[in-house]
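Inside the fold
These are the residues of each chain, in order.
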Amino acid sequence: MGIPPHKTNVITDRLLRSWIRCKRKAWLDRYGDEKKRVWTAHRALQLDHQQRSFAELITREKGKGLKACEIGFEGVMGIRLKGLGPSGELIEAHPPLLQRIKGESRWGKFAYRPVLARQGRKVTREHRLGLTFSGILLEQLQESKVSSGLLVTKGNQELEIQKISLSVNLQQQLLEVLKKIKADLQKDEPPTLISDRRKCTLCCWKGVCNVEATAEGHLSEVSGIGPKRKQILQELGINKLQELATSNPRDLGQKLFAFGVQHSEIADQIVAQARVQHNGSKERLSRTPALPELIDAPGILIYDIESDPDARDDFLHGFIRLMHKKDDEWDLEGAKYQPILAPYEHGKPFCWERINRKLTIYKDWPVLHYGETEVTSLLRLAKQQGVQKQELSKLRARFIDIHDRLRLHWRLPINSYGLKTVANWTGFQWHQKGADGARALLWWRQWHGTDEKNRGNSKALKWLFKYNQDDCLATWAVAKWLLKQDSFLP
Ligand code: SF4
C-alpha cells in the first residue's frame, strides 16, 4: 500500500481518536481504500448517546458555527477549528459542542470550553487528549485561555458531568502523541495489527484486517491468545500460528514457566488449539455426552438477552420454546419465539414476574443459553426480587451453558468460541447480514425512544426481535451439533 500523493498533512481530532485506539486505524483512515471501510453501529450509538447527553446539559436552543459564538449562544455546535499544534503542525478539530462560560474572549465578557460525551464508565486518554486538542485550537480562536473541558454522560439515571483540567502535563502528552502520529503517517505501510484484537469488533476496518490476520497466520488468530500471551510467545521466537501449531508443548511449557505458572499450564491447550486451526480439523476432548440432560427432556427453553452494557440494562429477554418429539427429533417447525421487553421504566419486579411465569409454566424444562451473561443476569434479577437461596439453586441447575459444554467436549478449528463464529461454523446463518449486539442496541434505542429522529420506529423493533430470535436459534444450532456428535459415541 503506497501513500497517495493527494492526502493532506493536517492532523485532525478524528485521526487523533483513531490513533489512540489503534495506530493502524489512523493510517487506514488516511490512506485506506474507502470502499473497504464497513459501517458499524458503534458510531451511530455514540452519536445517539452524545445527542442525549448534550440535550440534557444545555436545554436551550444551541447555535451553529462561528456566528453563534459571536452572538454568545449557551451551546455551539458545528464549528470547525483550525490552527497550529504545540510544535507548529497544522491541526483541525470539529468539537461536537462548545459551552459558554464566564470569562473574557474576543467576543466579549464570556468564553467557551469544549465538551465531549463520554461513553463507557471510565475517563480515558482519548477523552483527555481530545479535549486538550480542541482546547488548544479554541484558545487560538477566542484569544483567551481554555483551562478546562467537560465530559458528560447520560445513562438511564441523571446526567453525569466531569470537569477535566487541561493541564500543562496533558499538553505535553499531546505534543508527544502528535509527533508519533506524524511519524506513523509518514510510513509507506500501515502499522501492524493491534495486539488486543477484541477492539477490532468495533472498528470499520475489521474486514481488511481480518483478511490480513488470517492470510498471515497472526498469533492473535489463535483462540486463547490475548495481547500479553502473544507478546510472551514472540519473545520466545514464536510469531505465527503455524509455528505455534508445530511447537512441542512440553518444551514450550518449560519456557513459559519463566513468565508465570499460569502461562506454562496452558502450553498444551494453545498448541493444540493452533494445531486444529492450522489443520482445519476438530478434536473431541471427552468421551462422555455433552448434553445428557436433553435425552429425556420434554422440551427446552432457549434463552438470550440483549443488553446495553454501559447502562447495565437488559432490555430484552428472548425465549424460544422447543418441544422434544422423540429420540433426536425436535419440533423446530413448531418452535415459538417469545420476547419479553424490559424497558427500565416498567421496573424490575414486572420484568421478573413475566420471566418467572414463563419459567414456572415450563418448570421441568432445561434452559439453554450461550455464555454466562444470561444466567448471571437472571439470577441477579431473581435475587433482587427476593427469591430465596434454595429456589435460586434450583433455578441455577436448570440452566445449561452451551458454550461451556462445547469447550469441555470439543476443540474446533475456529479463531473464537463466540456464538457468531461457532454457529457460523456449524452452518447457521443470521437472517440480517452484519447484525450484532451493537446494532441490536441501536434498534432498541430507535424504538424505545432515545434516538430522537427514529423514535417509535416499529421496524427497528421487528429487526431487534428477529436478531434476538436468531441468537436463540444459533444457540440451538450449536446444541444440535453437540447432540449429533453425542449420537456417534459408542
Ligand atoms: S480492525 Fe483492529 S487492527 Fe485493524 S485498524 Fe481496526 S482496530 Fe486496528
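Quick caveat: nothing in here was measured; it's all calculated off a predicted structure.

Basis of the calculations
- Residues numbered from 1 in each chain as written.
- Predicted model: local features only at pLDDT ≥ 70, side-chain atom pairs only at ≥ 80, totals over all residues.
- Heavy atoms only, no water.
- Disulfide = S-S within 2.5 Å.
- Pairing = 2+ DSSP bridges.
- Helix = DSSP H or I, 4+ residues; strand = E, 2+ residues; numbered from the N terminus.
- Domains from an automatic or database assignment.
- Contact = heavy atoms within 4.5 Å.
- Buried area = accessible area lost by both parts, 1.4 Å probe.
- Salt bridge = Lys/Arg side-chain N within 4 Å of Asp/Glu carboxyl O.
- Core = buried A, V, L, I, M, F, W, Y, C linked by side-chain atoms within 4.5 Å.
- Buried < 20%, exposed > 50% of the residue type's maximum accessible area, 1.4 Å probe, protein only.
- Near = heavy atom within 4 Å.
- Nonpolar A, V, L, I, M, F, W, Y, C, P; charged D, E, K, R; others polar.

Topic: the state of the cysteines
With the rule as written, the count across this model stands at 0 disulfides. Looking at the unpaired Cys 472, the closest cysteine sulfur is the one in Cys 351, lying at 15 Å.

Focus on the sheet that holds strand 1 (residues 11–12)
In space, the 3 strands of this open sheet follow the order 1-5-4, with mixed pairing throughout. Unpaired on one side and paired on the other, strand 1 and strand 4 (81–84) mark the two borders of the sheet. Bridge analysis of strand 1 against strand 5 (residues 90–93) gives 2 bridges, and the strand direction is parallel. Each bridged residue has a counterpart across the sheet, and for Ile 11 the counterpart in strand 5 is Ile 91.

Notes on the domain arrangement of the protein chain
As assigned here, the protein chain comprises domain 1 (11–185), domain 2 (217–281) and domain 3 (292–487). A straight line from the C-alpha centre of domain 1 to that of domain 3 covers 39 Å. Contact with domain 1, which involves 12 residues of that partner, is made by 14 residues of domain 3. For the pair domain 1 and domain 3, the two sides together bury roughly 1,200 Å², of which 51% comes from carbon and sulfur. Counting every contact that joins domain 1 to domain 3 gives 1 salt bridge.

A word on the nonpolar core
By size, the foremost hydrophobic cluster in this structure holds 46 residues, and its most contacted members are Ile 402, Leu 406 and Trp 476. Those elements that provide at least two residues to this core are helix 3 (41–57), strand 11 (299–308), strand 12 (313–326), strand 14 (336–341), helix 16 (402–409), helix 17 (419–426), helix 18 (437–448) and helix 19 (458–487). In terms of residue count, helix 19 provides more of this core than any other element does, 12 residues in total. Residues in contact with Trp 476, not counting those within four places in the same chain, are Leu 294, Ile 300, Ile 302, Leu 322, Trp 330, Leu 332, Leu 368 and Leu 483.

Section: the pairing of strand 12
Most of strand 12 is tucked away: 10 of the 14 residues are buried. With 10 bridges joining them, strand 11 and strand 12 adopt antiparallel strand pairing. Pairing of Tyr 303 across the sheet is with Phe 319, part of strand 12. Linking two consecutive strands that pair antiparallel, namely strand 11 and strand 12, is a turn of 4 residues; a positive phi of about 50° is found at Arg 312 within it. As judged from the 6 bridges shared by strand 12 and strand 14, these two strands associate in the antiparallel manner.

Points about the site of the ligand
Lining the immediate surroundings of the ligand are Cys 22, Arg 24, Lys 25, Leu 28, Leu 193, Ile 194, Cys 200, Cys 203, Trp 205, Lys 206 and Cys 209. The class makeup of the residues in the shell around the ligand is 8 nonpolar, no polar and 3 charged.

Focus: the environment of Trp 447
For Trp 447, the location among the structural elements is in helix 18. According to the relative accessible area criterion, Trp 447 is partly exposed, its value standing at 25%. Distance from Trp 447 to Arg 275, taken between C-alpha atoms, is 46 Å for residues 172 residues apart in sequence.

So, the side chain of Ser 148
For Ser 148, the position within the fold is in strand 8 (residues 148–153). Here Ser 148 is in contact with Arg 113, Pro 114, Lys 163, Ile 164, Ser 165 and Leu 166, once residues within four sequence places are set aside.

What to know about unusual backbone geometry
For Glu 143, which is not glycine, the phi torsion reads 60° and is therefore positive. Following the sequence through the fold, Glu 143 ends up in the loop between helix 5 (125–142) and strand 8. Positioned with a positive phi, Asp 327 is a non-glycine residue whose angle comes to about 40°. Take Asp 327: it is sitting in the loop between strand 12 and strand 13 (329–330).

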